Amino acid sequence: MKAGPGLLFVVSGPSGAGKDTLVEALRERMPRLRYSVSATTRAPRAGEMEGEHYFFITRAEFERRMGEDGFLESREYNGNLYGTPRDYVERTLADGYDLIMKPEVNGALRIKEAHPGAVLIFLVPDRFSNLRERLLARRTETNEEIASRLEIAHQEMKFIRNFDYIVVNEQGRSEDAIRDLQAILQAERFRIHRYGDDSLKNIELT
Ligand code: 5GP
């Protein structure tokens with residue numbers, strides 16, 4: 001039975017909460033799940049691949065695309081621009097594929113405005129101090145950048161009530177968080193309002 005357009009899952013939460021690692025693990029387990037690659041003006045980190053982790057573009061190019069309404073949402077974060085390309089999201093959902101993305105918190109809220117049916121999941125560490133440890137451990141940011149990301153994280157936590165789900169990524173127990181995310185995605189697919197009227201009529205008749 002076809003359940004109409006795909007579902008949009010938005011995993012957000014402060015930098016260092018583990019979004020990248022958990023979403024990657026989830027995608028490995030759910031191969032049909034599509035992923036929205038964002039555009040950014042940030043320089044690639046070691047190991048980051050064009051078109052896989054991000055589309056790395058100049059600020060001028062980013063602004064040009066913004067002028068063409070090419071982003072579903074975009075945001076300046078810590079001195080760099082990040083945006084969700086509109087076309088890919090609309091096309092993928094219309095084709096019936098479920099889609100996952102991982103913007104920062106403000107972006108997640110903008111996505112919900114554009115797609116009220118989107119499922120917003122807030123990922124948090126079990127302790128706020130773990131954010132700092134994780135950011136330090138991955139050695140991709142300077143101390144100033146880490147301090148700034150922690151300040152932003154503090155602000156982001158205030159929006160937790162606007163989300164649909166909370167998943168706690170407990171230190172050393174990421175397997176549990178992956179399982180929780182997977183459970184949310186699976187359960188959302190069975191919600192009555194996801195089924196079109198025709199599908200429901202068919203069920204009623206059988
Ligand atoms: P990072 O530089 O660590 O890759 O990302 C910085 C922050 O930007 C993270 O919180 C990440 O989730 C967020 N981010 C990545 N892509 C997008 C996007 O397309 N839109 C928004 N609003 N935030 C994004």
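Refer to the preceding data block for the structure.
Nothing here was measured: the structure is a model prediction, and the numbers come from that model. Residue numbers run consecutively from 1 along every chain, following the written order of its sequence. Per-residue local features are limited, in this predicted model, to residues with pLDDT of at least 70; the limit for side-chain atom pairs, both in listing and counting, is 80 or more; totals at the level of whole chains, interfaces and linings are taken over all residues. Note that water and hydrogens are dropped before the side-chain values are worked out from all heavy atoms of the structure.

Draft legend 1. The arrangement of the site of the ligand in detail. Throughout, near means a residue has at least one heavy atom within 4 Å of the molecule or strand. Neighbouring the ligand are 17 residues, the closest being Ser38, Arg42, Tyr54, Tyr82 and Glu104. The separation between an oxygen atom of the ligand and a polar side-chain atom of Arg149 is 2.8 Å. Here the Shrake-Rupley method, with its probe set to 1.4 Å, supplies the accessible areas, and only the displayed protein chains count as covering residues. Burial of the ligand by the protein chains amounts to 96% of its free accessible area of 500 Å². The pocket occupied by the ligand, as judged from atoms lying within 2 Å of grid points, is the largest pocket. Helical segments are the DSSP runs of H or I of at least four residues, strand segments are the runs of E of at least two, and each set is numbered from the N terminus. For the shell around the ligand, the secondary-structure elements that each account for two or more residues are strand 5 (71-77) and strand 6 (80-85). Gly counts as polar in this scheme, as do all residues outside two lists: the nonpolar Ala, Val, Leu, Ile, Met, Phe, Trp, Tyr, Cys and Pro, and the charged Asp, Glu, Lys and Arg. Looking at the shell around the ligand, its residues break down into four nonpolar, four polar and nine charged. Polar contacts, as counted here, are pairs of nitrogen or oxygen atoms within 3.5 Å of one another; within protein the pair requires one atom able to donate a hydrogen and one able to accept it, and residues that are adjacent in sequence qualify only if both atoms are side-chain atoms. Throughout, the protein atoms alone are placed on a 1 Å grid, and a set of points is a cavity if a 1.4 Å probe fits but cannot get out or a pocket if it is open with protein on both sides within 12 Å along at least five of seven lines; lining residues have an atom within 4 Å of a point. Occupancy of a cavity or pocket is assigned to a molecule whenever over half of its atoms lie within 2 Å of that pocket's grid points.

Draft legend 2. Inspection of the sheet that holds strand 5 at higher detail. If you walk across this open sheet you meet the four strands as 4-3-6-5, and the pairing is mixed. Looking along the sheet, the strands with just one partner apiece sit at the ends: strand 4 (54-56) and strand 5. Sheet twist, expressed as the mean angle between neighbouring strand axes with direction ignored, is 25 degrees. By definition, two strands form a pair when at least two bridges between them are found by DSSP. Both strand 5 and strand 6 contribute to a ladder of six bridges, which runs antiparallel. Paired with Glu73 across the two strands is Thr84, which belongs to strand 6. The contact criterion used throughout is that any non-hydrogen atoms of two residues lie within 4.5 Å. The axes used here are C-alpha line fits, helices contributing only the stretch in contact, and every angle between their N-to-C directions lies in the interval 0 to 180 degrees. The strands touched by helix 2 (residues 59-67) within the sheet are strand 3 (38-40), strand 5 and strand 6, with strand 5 carrying the most contacts at an inclination of about 140 degrees.

Draft legend 3. Molecular detail of the nonpolar core. Residues enter a nonpolar core if they are buried and are Ala, Val, Leu, Ile, Met, Phe, Trp, Tyr or Cys, with the set joined through side-chain atoms within 4.5 Å. Remark: exposure states derive from per-residue accessible area (1.4 Å probe, protein chains only) relative to the maximum for the residue type, with buried under 20%, exposed over 50%, and partly exposed in between. Core analysis: the largest hydrophobic core is formed by 27 residues, its most contacted members being Leu26, Ile100 and Ile121. Mapped onto this core, the elements with two or more residues apiece are strand 1 (8-12), helix 1 (19-29), strand 8 (119-125), helix 5 (128-138), helix 6 (143-156) and helix 7 (174-188). Element by element, the count of residues in this core is highest for helix 7, at five residues. Within the second largest apolar cluster, 16 residues are counted, among which are Val10, Met101, Ala108 and Leu120.

Draft legend 4. Broad picture of the layout of surface pockets. Grid points are joined across faces, edges and corners, and a volume is the space filled by probe spheres set on the points. Estimates place the volume of the largest pocket at around 990 Å³. Lining the largest pocket are 43 residues, with Lys19, Asp20, Arg45, Lys102 and Arg138 sitting closest to its centre. Looking at the lining of the largest pocket, the elements that each hand over two or more residues are helix 1, strand 5, strand 6, helix 5 and helix 6. When residues in the lining of the largest pocket are grouped by element, the largest group, seven residues, is from helix 1. For the lining of the largest pocket, a count of residues per class yields 10 nonpolar, 15 polar and 18 charged.

Draft legend 5. Fine view of the packing of helix 1 against helix 7. Interhelical geometry of helix 1 versus helix 7 gives an angle of 60 degrees and a closest axis separation of 10 Å. Comparing their axes, helix 7 and helix 1 come out oblique. In this structure, helix 1 crosses over helix 7, and the sense of that crossing is right-handed. Judged by residue contacts, Leu22, Ala25, Leu26 and Arg29 of helix 1 engage Ser174, Glu175, Ala177, Ile178, Leu181, Gln182 and Leu185 from helix 7. When its residues are assigned to classes, the contact of helix 1 with helix 7 shows seven nonpolar, two polar and two charged. Angles are sorted into four bins: roughly parallel if under 35 degrees, roughly antiparallel if over 145, roughly perpendicular if 65 to 115, and oblique for all others. By definition, turning the near helix anticlockwise from the far helix through less than a right angle yields a left-handed crossing, and turning it clockwise yields a right-handed one.

Draft legend 6. Spatial organisation of the pairing of strand 8. Burial within strand 8 is extensive, with seven of its seven residues counted as buried. Covered by surrounding structure in strand 8 are Val119, Ile121, Leu123 and Pro125 together with Leu120, Phe122 and Val124, the residues of both alternating faces. As paired strands, strand 1 and strand 8 are joined by four bridges and run parallel to one another. Considered in strand 8, the bridge of Ser12 is made with Phe122. Relative to strand 9 (residues 165-169), strand 8 runs parallel, the two being bridged by five bridges. Its bridge partner lying in strand 9, Ile121 is registered against Tyr165.

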